[in-house]
Amino acid sequence: MTKDTGFTSMAGPKAEGALPRVGVGMLGYAFMGKAHTKAYKKIPDMMYPPPAVPRLVAICGRDGEAVAEAARRYGYESAYTDWRVMLEDDRIQLFDNGGPNNVHAEPCIAAAQAGKHIICEKPLARTAAEAKDMLDAVEHAGVKHMVAFNYRFVPAIRQARELIERGALGRIYHYRAVYLQEWVMAHYDLPRIWRLDKSVAGSGALGDLGAHIIDLARFLVGEITSVGAMTRTFIGERPLPEGSGTGKVEGDDAFVSVVEFENGAVGTLEATRFAGGRKNHQVIEINGEKGSICFDLERMNELQVYWVDEEPKETQGFRNVLVTEGYHPWWENWWPHGHIIGWEHTFVHELTHLLDCIVNDGDVAPYGATFEDGYRAAVVCDAILESAASRRQVDVAYS
Ligand SMILES: NC(=O)c1ccc[n+]([C@@H]2O[C@H](COP(=O)([O-])OP(=O)(O)OC[C@H]3O[C@@H](n4cnc5c(N)ncnc54)[C@H](O)[C@@H]3O)[C@@H](O)[C@H]2O)c1
């Protein structure tokens with residue numbers, strides 16, 4: 001059935017006043033704090049009628065002056081300098097963790113114990129053991145939980161999942177994914193920011209970029225059963241951000257991996273921040289018995305498809321589908337076809353789904369990533385590091 005495009009469904013019947021409100025407490029006000037906040041602000045009018053209206057209750061950071069300014073700028077009612085105190089605020093039902101990776105476990109576990117629903121940025125944790133403690137805490141508390149694997153919420157990716165689910169590609173043979181960035185990481189004088197500090201980040205390009213393509217591997221193809229991998233740190237020492245001396249870089253600047261899936265498919269994964277010229281180059285190709293699909297994040301409104309049996313043979317080849325019709329995932333909320341959306345809108349979809357699950361007691365899985373998915377991605381990351389260290393193929397085992 002053809003759904004209306006955004007053009008004809010821009011207004012809905014429900015008045016905002018009739019909708020439930022969900023109070024949000026945000027940790028962090030930099031990159032992800034900003035991305036999530038912008039999404040919360042877009043939901044009430046763009047996802048109209050929204051499942052709930054997010055109420056920006058409080059934001060937390062360590063620097064009192066800076067967090068007060070962030071609250072003013074983004075429109076939060078209160079600012080806190082200690083997440084423990086923020087979690088005592090009864091106006092908050094949803095805790096949003098946009099802090100660095102070492103500030104994921106403790107606040108999320110405390111939030112679960114306080115009965116808050118949780119969205120936590122990826123990677124869920126620095127290690128699988130840490131992620132498992134977080135999973136146990138949310139399951140014990142019975143709260144809704146989501147890991148911000150936002151690329152599941154790109155309409156083209158969700159469309160790819162639906163095609164695979166309904167068997168359009170037949171048996172899957174290959175999953176091939178790269179996530180390449182250039183950053184300024186390649187410069188020797190770049191300080192050892194938190195992403196380069198293993199004690200804070202857990203790993204390097206693996207947890208930062210690799211976790212996304214590992215999650216998409218599981219989302220699109222299925223469970224990974226074994227991995228072989230190699231990691232490399234190209235610049236092993238960097239100036240400390242505080243400006244006194246240098247510190248070791250122990251996380252991976254790059255990793256490459258071969259993987260096996262439960263369903264018999266094989267895959268390759270690669271991520272680096274040292275790919276000069278590559279800005280946000282996440283490219284995924286899946287080859288199946290009946291066809292192939294290919295996705296490029298820098299052209300995120302498109303999906304390339306190829307059908308093995310397409311006629312006439314003379315014009316067969318990959319073609320670009322613009323995933324912007326009203327019948328494509330999430331599109332009924334946006335614009336007329338061809339009026340494209342961007343990276344930030346993945347968070348609008350992700351948080352709308354979570355709010356819906358909270359107020360209607362829905363399931364975050366399978367289309368959203370839960371802490372179970374975050375834990376499973378962390379198990380694969382740990383196995384990749386183990387394989388690189390031992391120079392052997394490693395079986396992936398979930399507890
Ligand atoms: N989903 C994505 O596409 C995506 C993209 C970038 C980052 N991330 C993830 O988001 C998380 C945050 O990354 P970022 O790029 O926003 O980092 P960032 O450095 O830009 O921001 C981190 C924020 O956390 C705050 N913070 C740090 N320690 C704190 C503490 N103890 N208490 C309160 N606040 C604290 C900092 O002040 C800052 O506001 C990371 O886990 C990262 O991997 C996800």
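Note that the structure is a prediction, hence the values are computed from the model and not measured.

Draft legend 1. Highlighting the overall build of the protein. Looking only at helices and strands, the protein features 10 helices and 17 strands. On C-alpha atoms alone, the protein measures out to a radius of gyration of 21 Å, which is about the 21 Å that the 2.2 N^0.38 rule sets for 399 residues. With the principal axes as the frame, the protein shows a C-alpha extent of 65 × 60 × 40 Å. In the protein, which comprises 399 residues, the proportion classed as buried is 55%. Put simply, 69% of the contacts in the protein that link residues at least 6 apart link residues at least 24 apart. Carbon and sulfur atoms make up 50% of the accessible area of the protein, which totals about 17,300 Å². Each charge sign in the protein was given a centre, from 41 positive and 55 negative side chains, and these centres are 2 Å apart.

Draft legend 2. Highlighting helix α6 (residues 155-165). The buried fraction of α6 is high, at 9 of 11 residues. The set of residues buried in α6 consists of Pro 155, Ala 156, Ile 157, Arg 158, Gln 159, Ala 160, Arg 161, Leu 163 and Ile 164. For α6, the elements touching its buried residues are β7 (172-180), α8 (205-220), β13 (281-288), β14 (291-296), β15 (302-307) and α9 (345-360). Phi turns positive, to about 85°, at Gly 167, one or two residues after α6.

Draft legend 3. Region of interest: the site of the ligand. The immediate surroundings of the ligand are formed by 24 residues, with Met 32, Asn 101, Lys 122, Trp 194 and Arg 195 found nearest. The separation between an oxygen atom of the ligand and a polar main-chain atom of Ala 30 is 3.4 Å. Phe 31 is positioned such that a nitrogen or oxygen atom in its backbone is 3.2 Å from an oxygen atom of the ligand. Taken by itself the ligand offers 850 Å² of open surface, and the protein chains cover 88% of this.

Draft legend 4. Fine view of the side chain of Glu 130. Examined against the element boundaries, Glu 130 turns out to sit in helix α5 (residues 128-141). The class of Glu 130 is buried, set by a relative accessible area of 17%.

Draft legend 5. Molecular detail of the environment of Glu 310. Inspection of the secondary structure assignment puts Glu 310 in the loop between β15 and β16 (319-322). The buried category is assigned to Glu 310, whose relative accessible area is 19%. It is 42 Å that separates the C-alpha atoms of Glu 310 and Leu 124, two residues lying 186 residues apart in sequence. With residues up to four places along the chain from it excluded, the contact list for Glu 310 reads Thr 315, Gln 316 and Arg 319.

Draft legend 6. Summary view of a positive patch on the surface. A contiguous patch of positive charge, built from Lys 34, Lys 38, Lys 41 and Arg 73, is present on the exposed surface. By residue number, the principal contributor to the positive patch is helix α1 (residues 31-46), which donates 3 residues. With respect to the element layout, Lys 38 can be found in helix α1.

Draft legend 7. Spotlight on helix α4 (residues 105-113). Within the span of α4, buried status applies to Ala 105, Pro 107, Cys 108, Ala 111 and Ala 112. Those residues of α4 that are buried lie in contact with β1 (21-27), α3 (83-86), β4 (94-97), β5 (117-120), α5 and α10 (371-390).

Draft legend 8. Here's a closer look at the state of the cysteines. Applying the stated criterion to the full structure yields 0 disulfides. Free cysteine Cys 357: the closest other cysteine sulfur is in Cys 120, separated by 17 Å. With no disulfide of its own, Cys 381 lies closest to Cys 120 among cysteine sulfurs, the gap being 14 Å.

Draft legend 9. Quick peek at the nonpolar core. One finds Tyr 175, Leu 220, Ile 286 and Phe 371 to be the most contacted residues of the largest nonpolar core, which totals 115 residues. No other element matches the 10 residues that α8 contributes to this core.

Draft legend 10. Focus on the sheet that holds strand β17 (residues 394-395). Read across the open sheet, the 9 strands follow the order β16-β15-β14-β13-β7-β12-β11-β8-β17; overall the sheet is mixed. Sheet topology places β16 and β17 at the edges, where each strand pairs with a single neighbour. Relative to strand β12 (residues 266-272), β7 is paired through 7 bridges, and the arrangement is parallel. Bridge pairing links Tyr 175 to Gly 267 in β12.

Draft legend 11. Representation of the packing of α8 against α10. It is at 9 Å that the axes of α8 and α10 come closest, and there the two elements cross at 115°. Here α8 and α10 pass one another in a crossing that is right-handed. Side by side, α8 and α10 meet where Leu 206, Ile 214, Asp 215 and Arg 218 of the first sit next to Asp 373, Arg 376, Ala 377, Val 380, Cys 381, Ile 384 and Leu 385 of the second. Split by residue class, the contact of α8 with α10 holds 7 nonpolar, no polar and 4 charged.

Draft legend 12. Main features of unusual backbone geometry. Cis geometry is adopted by the peptide bond preceding Pro 49, which originates at Tyr 48 and carries an omega value of -5°. Cis geometry is found at the peptide bond from Ala 365 to Pro 366, where omega equals 5°. Within the element layout of this structure, Pro 366 appears in the loop between α9 and α10. Its identity is not glycine, yet Asp 361 carries a phi of approximately 50°, on the positive side. Mapped onto the fold, Asp 361 is located in the loop between α9 and α10. The phi dihedral of Arg 391 falls on the positive side, at around 60°, and the residue is not glycine. Summarising the element assignment, Arg 391 is placed in the loop between α10 and β17.

Draft legend 13. Focus on the confidence of the model for the protein. Averaged over the protein, the pLDDT score is 94; the fraction of residues at 70 or greater is 95%. Confidence over residues 5-12 falls short of pLDDT 50; this stretch has 19 contacts with residues more than four positions distant or in other chains.

Cut-offs used in this document
- Residues numbered from 1 in each chain as written.
- Predicted model: local features only at pLDDT ≥ 70, side-chain atom pairs only at ≥ 80, totals over all residues.
- Heavy atoms only, no water.
- Helix = DSSP H or I, 4+ residues; strand = E, 2+ residues; numbered from the N terminus.
- Rg over C-alpha atoms; globule rule 2.2 N^0.38 Å.
- Buried < 20%, exposed > 50% of the residue type's maximum accessible area, 1.4 Å probe, protein only.
- Contact = heavy atoms within 4.5 Å.
- Areas by Shrake-Rupley, 256 points an atom, 1.4 Å probe, with all protein chains shown as cover.
- Lys, Arg positive; Asp, Glu negative; His and termini not counted.
- Charge placed at Lys NZ, Arg CZ, Asp CG, Glu CD.
- Near = heavy atom within 4 Å.
- Polar contact = N/O pair within 3.5 Å; in protein donor to acceptor, adjacent residues only side chain to side chain.
- Patch = residues over 30% accessible without salt bridge, like charges linked within 9 Å, V, L, I, M, F, W, Y side chains within 5 Å.
- Salt bridge = Lys/Arg side-chain N within 4 Å of Asp/Glu carboxyl O.
- Disulfide = S-S within 2.5 Å.
- Core = buried A, V, L, I, M, F, W, Y, C linked by side-chain atoms within 4.5 Å.
- Pairing = 2+ DSSP bridges.
- Axes fitted to C-alpha atoms, helices over the stretch in contact; angles between N-to-C directions.
- Left-handed = near helix turned anticlockwise from the far one by under 90°.
- Nonpolar A, V, L, I, M, F, W, Y, C, P; charged D, E, K, R; others polar.
- pLDDT = per-residue confidence, 0-100.

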